[in-house]
Amino acid sequence: MTVRKPLDSSIGIESSADSDFIAGLISELRALQPDSALAKQLWDIGLLTGWRQRADGSFGPENFERGLLLYRMVAEARPKRILEVGTGRGFGSIVMATSAEDNGLDTIIDTIDLLSSDTFRDWPIQLNGYDEVGHSSPSDLWQKYFKQSVLAHVNTHTGDSNKVLKRLLKDGVQYDMIFIDAGHDPYHAILDLTYGIAMLEPGGIGLLDDFAPEAPYGLGAVMALPHLKKYFQKISVVATSGKIWPIESPSEYPHGMVLLSGRKNKNYHIERKRLLWWRIMGSLMDLSYSGRRAFPLLETR
């Protein structure tokens, strides 16, 4: 029998409405079973857009549970416009677009990635129960397997997030929800959050992927966490990975998402000099976190 660990840890509660919103999402995740209709729907999307080939050559899911959060956040908050930074192969975009379609919403998702959606790449996938690594582009695969009514919710933007986000901010675009899932080092996580929060409407919600204290790729989310309570009414760390679908090497530490609720009703501007500081210090933090020779305690021979 699999025993599920607690799903969340919360800080900065200031609004009962935001608290209820997050508590409701977490309660749904706790109750969700892998054989439910929603879980099966998101599993099928994951097989096409989020399937992973591990180092030993085997295949499996990688935190498909984040799709459950994204789907329900769209269904409950009913955002008119969503910003996603880090399209990847499209798992997040397709899940959010599917939720919009299922719930009769006119939601538009602006999704940003360094690679064009027309760029071909190695693509682990499972079709009819068989695992393989194909060569495809998001555009080709999306067109082949997903409804046009779902894809109509997605606008793709190609380029470095620094440049694309600057342009969107200059154009005065505003969002009701943000999903940050691109560069996971401290600098890029802070950069994407900074612009995302600046364009987020008061009361808006957000999700930051890959909170993983023991893994180098989780450093950005971990470093950003204490700063985010300045801008949101409530923040919850939601340990999602492996909670519904088993993973190869479960961690004793939380691995999942930072859920942001209730963007504070304040005006913000971006101080570029502080971003430069994060670029310099972020590189040093990353090196200190993962560098083999960083820790000062050495074995005596």
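Residues numbered from 1 in each chain as written. Predicted model: local features only at pLDDT ≥ 70, side-chain atom pairs only at ≥ 80, totals over all residues. Heavy atoms only, no water.

A short note on the packing of aromatic side chains
Summed over the entire model, instances satisfying the criterion amount to 6 aromatic pairs. Look at Trp 43 and Phe 64: their rings are 5.3 Å apart centre to centre, the planes differ by 65 degrees, and that puts the pair in the edge-to-face class. Of the two residues, Trp 43 is situated in helix H2 (residues 37-49) and Phe 64 in the loop between strand S3 (59-60) and helix H3 (65-77); the sequence distance between them amounts to 21 residues. Owing to a relative accessible area of 1%, Phe 64 belongs among the buried residues under this scheme. Considering the side-chain rings of Phe 64 and Phe 91, the 5.5 Å spacing of their centres and the 25 degrees angle between planes classify their relative orientation as stacked. Placement of Phe 64 in the loop between S3 and H3 and of Phe 91 in helix H4 (residues 91-102) is noted, with a sequence separation of 27 residues between them. Taking relative accessible area as the criterion, Phe 91 reaches 2% and is therefore assigned buried. (Phe/Tyr/Trp six-rings, centres within 6.5 Å; stacked < 30°, edge-to-face > 60°. Helix = DSSP H or I, 4+ residues; strand = E, 2+ residues; numbered from the N terminus. Buried < 20%, exposed > 50% of the residue type's maximum accessible area, 1.4 Å probe, protein only.)

Looking at the environment of Val 154
Looking at the secondary structure, you find Val 154 in strand S8 (residues 154-158). Considered as a pair, Val 154 and Ile 108 are 46 residues apart in the sequence and their alpha carbons are 6.0 Å apart. Leave out the neighbours within four places in its chain, and Val 154 touches Ser 93, Ala 97, Ile 109, Thr 111 and Trp 142. (Contact = heavy atoms within 4.5 Å.)

Quick word on the pattern of salt bridges
Taken as a whole and judged by the stated rule, the model has 3 salt bridges. The partner of Asp 209 in a salt bridge is Arg 66, and the shortest N-O contact between them spans 3.7 Å. Here the residue Asp 209 occupies a position in strand S10 (residues 200-211), and Arg 66 occupies one in helix H3, the gap between them amounting to 143 residues. Since its relative accessible area comes to 4%, Asp 209 is described here as buried. For Arg 81, the salt bridge identified is with Asp 110, shortest N-O distance 2.9 Å. With Arg 81 in strand S4 (residues 81-85) and Asp 110 in strand S5 (residues 108-113), the pair connects residues that are 29 residues apart, well separated along the chain. (Salt bridge = Lys/Arg side-chain N within 4 Å of Asp/Glu carboxyl O.)

Some words on empty space enclosed by the protein
Over the atoms a probe the size of a water molecule is rolled, and this reveals where empty space is left. Taken as a whole, this structure holds 2 cavities of 30 Å³ or more when the rule is applied. In this structure, the largest cavity occupies an estimated 60 Å³ of space. Thr 87, Gly 88, Thr 111, Asp 113, Leu 115, Ser 116, Ser 117, Arg 121, Pro 138, Thr 156, His 157 and Thr 158 together form the lining of the largest cavity. Breaking the lining of the largest cavity down by element, the ones donating at least two residues are S5 and S8. (1 Å grid on protein atoms, 1.4 Å probe; cavity = no way out; pocket = protein on both sides within 12 Å on 5 of 7 lines; lining within 4 Å. Points joined across faces, edges and corners; volume = space filled by probe spheres on them.)

Here's the deal with the layout of surface pockets
Here the second largest pocket is characterised by a volume of approximately 570 Å³. Considering the residues around the second largest pocket, the lining is formed by 18 residues, among which Ile 190, Thr 194, Tyr 231, Arg 274 and Trp 278 are closest to the centre. Contributing elements (two or more residues each) for the lining of the second largest pocket: helix H8 (186-198), helix H9 (219-228) and helix H10 (272-290). A per-element tally of the lining of the second largest pocket places H8 first, with 5 residues. Broken down by class, the residue content of the lining of the second largest pocket amounts to 12 nonpolar, 3 polar and 3 charged. (Nonpolar A, V, L, I, M, F, W, Y, C, P; charged D, E, K, R; others polar.)

Digging into the nonpolar core
By size, the foremost hydrophobic cluster in this structure holds 47 residues, and its most contacted members are Leu 68, Met 96, Phe 146, Met 177 and Leu 207. If sequence neighbours within four positions are ignored, Leu 68 has contacts with Leu 29, Leu 32, Leu 38, Ala 39, Leu 42, Ile 244 and Trp 245. Within the second largest apolar cluster, 33 residues are counted, among which are Leu 168, Tyr 175, Phe 211 and Trp 278. (Core = buried A, V, L, I, M, F, W, Y, C linked by side-chain atoms within 4.5 Å.)

A look at helix H7 (residues 161-170)
For an α-helix, 3.6 residues make a turn, and residues three or four places apart therefore share a direction. Those residues of H7 lying buried are Ser 161, Asn 162, Val 164, Leu 165 and Leu 168. Between the side-chain oxygen of the N-cap and the backbone nitrogen of Asn 162 there are 2.8 Å, and the N-cap of H7 in question is Asp 160. (Polar contact = N/O pair within 3.5 Å; in protein donor to acceptor, adjacent residues only side chain to side chain.)

Brief notes about the pairing of S4
Burial within S4 is extensive, with 4 of its 5 residues counted as buried. Here S4 runs beside S5; their pairing, made up of 5 bridges, is parallel. Residue pairing for S5: Val 85 is matched across the bridge by Ile 112. With H4 bridging S4 and the parallel S5, this β-α-β connection has right-handed handedness. Pairing between S4 and strand S9 (residues 175-180): 4 bridges, direction parallel. Counterpart to Leu 83 in the pairing with S9 is Ile 178. (Pairing = 2+ DSSP bridges. Right-handed = clockwise from strand over helix to strand, strands pointing away.)

Thoughts on the confidence of the model for the chain
Reading predicted coordinates in detail is not appropriate for stretches of low pLDDT. Across the chain, the average pLDDT comes to 87, with 90% of residues at 70 or higher. Counted against residues more than four places away or in other chains, residues 10-16, with its pLDDT under 50, gives 15 contacts. (pLDDT = per-residue confidence, 0-100.)

Comments concerning the side chain of Arg 263
As for its position among the elements, Arg 263 is in strand S12 (residues 256-263). Glu 201 provides the closest opposite charge to the buried, salt-bridge-free Arg 263, at an N-O distance of 7.6 Å. Separated by 3.2 Å, the side chain of Arg 263 and the backbone oxygen of Ile 197 make a polar contact. (Lys, Arg positive; Asp, Glu negative; His and termini not counted.)

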